[in-house]
Amino acid sequence: MLSVILCEAETITKAVVDPLADLLGTWSKEINVWSALLRVLLSVALSAIIGCERSSKRHAAGFRTFILVSLSATVAMMLDVYMVELTGKGMYLISAASVIAIAILSANSILFSSRSQIKGLTTSVGLWACGLLGLAVGAGLYTVTAIVFVALICCLSLFPSIEKYLKNRSNHFEVHLELKNIKYLQDFVTTIRKLGMRIDDIECNQAYANSGLSVYSVSITVGSEELKKYKTHEEIIKALSTLEYVYHIEEMN
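Remember, predicted model here, so these are calculated numbers, not experimental data.

A. Looking closely at the packing of aromatic side chains. Tallied over the entire structure, the rule returns one aromatic pair. Between Tyr 184 and Tyr 245, the ring centres sit 5.3 Å apart and the planes meet at 10°, which makes this aromatic pair stacked. Of this pair, Tyr 184 sits in the loop between strand S3 (172-179) and helix H8 (185-194) while Tyr 245 sits in the loop between helix H10 (233-240) and strand S6 (246-251), and the two are 61 residues apart along the sequence. Given the relative accessible area of 25%, Tyr 184 is considered partly exposed. Here Tyr 245 falls in the buried class, since its relative accessible area comes to 9%.

Printed below as a string of structure tokens:
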């Protein structure tokens, strides 16, 4: 099914005007030594920028991983385009296979921490998107590549601050809570209620069973209108951390 879609897409793209390709010249639209070199270098350069952004934030998949994913997708697409042009028929099987392989690779980059948090989800989707970017480069869709690259960089670099602001103002949040003893759990629940908040769920974290601490994942809803208006999650958590029986508390992503 995916191969059929890619074939139909190729037919459509032949009729689509690509401003950047027109600017570069007819050679850039064809599969030749110079266009192949351009596409490979472009794929490596764009994916390197994305990889640097991920590496700077200490994510598992970084600089080289993003380059290899994009480069492999670019080469797969160029091979498919070349085979179709050479034989005059065929399907984009290599490109389809590369999309599936990248999806599997991306899924394997998702991890679960000892604090019951999902790690690497954004990086996983970023790898998959970078693979699709490589396919666009390999197909010679330079304008589409430029638009997708800018959108991808914005999602990874600029949008996190907006996401953090929205999450910090949300009425719902989840915390990782470490109490000095299990007997203080009731005191914590009572304090939360007095502050005008509600506990929706408490889950004991078995990863800390022999640590001497009582550790939980706690889902909290802010009910007080005053807290909704004036307090952020960071301020609420900072206030809760001052409780003498709280060993450590932090918001979960």
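B. Spotlight on the packing of helix H5 (residues 93-107) against helix H6 (residues 121-138). Closest axis-to-axis distance for the H5/H6 pair is 8 Å, and the angle between their directions is 165°. When the axes of H5 and H6 are compared, the pair comes out roughly antiparallel. Viewed along their axes, H5 and H6 form a crossing whose handedness is right-handed. On H6, the residues that touch Ser 95, Ser 98, Val 99, Ile 102, Ala 103, Ser 106 and Ala 107 of H5 are Ser 124, Leu 127, Trp 128, Gly 131, Leu 132 and Leu 135. Partitioned by chemical class, the residues of the contact of H5 with H6 number eight nonpolar, five polar and no charged.

C. Seen up close, H10. Along H10, the positions that sit buried rather than exposed are His 233, Ile 236, Ile 237 and Leu 240. Along H10, the residues classed as buried sweep out an arc of 95° about the axis, all on the same side.

D. Structural detail: the side chain of Arg 39. Locating Arg 39 in the fold gives a position in helix H3 (residues 33-55). Salt bridges are absent for the buried Arg 39, whose nearest opposite-charge side chain, Glu 85, sits at 7.0 Å. A polar atom in the side chain of Arg 39 sits 3.5 Å from the backbone oxygen of Lys 29. Once residues within four sequence positions are removed from consideration, Arg 39 is found in contact with Ser 28, Lys 29, Glu 30, Ile 31, Thr 74, Met 78, Val 137, Gly 138, Ala 139, Gly 140 and Tyr 142.

E. Broad picture of H6. End to end, H6 covers 26 Å across 18 residues, agreeing with the expected 26 Å (1.5 Å per residue, within 8%). Of all 18 residues that make up H6, 13 are buried, and the element is covered over most of its length. Directly beyond the C-terminal end of H6, a positive phi value near 80° is found at Gly 140.

F. Main features of the environment of Ala 129. Positionally, Ala 129 belongs in helix H6. Since its relative accessible area comes to 18%, Ala 129 is described here as buried. Separated by 60 residues in the primary sequence, Ala 129 and Val 69 have C-alpha atoms spaced 9.7 Å apart.

G. Geometry of the confidence of the model for the chain. When pLDDT is averaged across the chain, the result is 81; 84% of the residues are at 70 or more. Averaged pLDDT values for the elements of the chain fall to 50 in helix H1 (residues 2-15) and rise to 90 in H8.

H. Local environment of the packing of H6 against helix H7 (residues 142-168). Across the interface, H6 lies against H7 with an axial gap of 10 Å and an inter-helix angle of 170°. Judged on the interaxial angle alone, H7 and H6 are roughly antiparallel. The segment H6 lies against H7, with Thr 122, Ala 129, Cys 130, Leu 133, Ala 136 and Val 137 engaging Thr 145, Val 148, Phe 149, Leu 152 and Leu 156. Taken together, the residues of the contact of H6 with H7 sort by class into nine nonpolar, two polar and no charged.

I. A look at the pattern of salt bridges. Tallied over the full model, the rule gives two salt bridges. Note that Lys 29 is salt-bridged to Asp 22, the shortest N-O span being 2.5 Å. The partner of Asp 200 in a salt bridge is Arg 198, with the nearest N and O atoms 2.9 Å apart. On the basis of relative accessible area, Asp 200 is assigned to the partly exposed category, the value being 40%.

Calculation criteria
- Residues numbered from 1 in each chain as written.
- Predicted model: local features only at pLDDT ≥ 70, side-chain atom pairs only at ≥ 80, totals over all residues.
- Heavy atoms only, no water.
- Phe/Tyr/Trp six-rings, centres within 6.5 Å; stacked < 30°, edge-to-face > 60°.
- Helix = DSSP H or I, 4+ residues; strand = E, 2+ residues; numbered from the N terminus.
- Buried < 20%, exposed > 50% of the residue type's maximum accessible area, 1.4 Å probe, protein only.
- Axes fitted to C-alpha atoms, helices over the stretch in contact; angles between N-to-C directions.
- Parallel < 35°, antiparallel > 145°, perpendicular 65-115°, else oblique.
- Left-handed = near helix turned anticlockwise from the far one by under 90°.
- Contact = heavy atoms within 4.5 Å.
- Nonpolar A, V, L, I, M, F, W, Y, C, P; charged D, E, K, R; others polar.
- Arc of directions from axis to C-beta.
- Lys, Arg positive; Asp, Glu negative; His and termini not counted.
- Salt bridge = Lys/Arg side-chain N within 4 Å of Asp/Glu carboxyl O.
- Polar contact = N/O pair within 3.5 Å; in protein donor to acceptor, adjacent residues only side chain to side chain.
- Expected span 1.5 Å × (residues − 1).
- pLDDT = per-residue confidence, 0-100.

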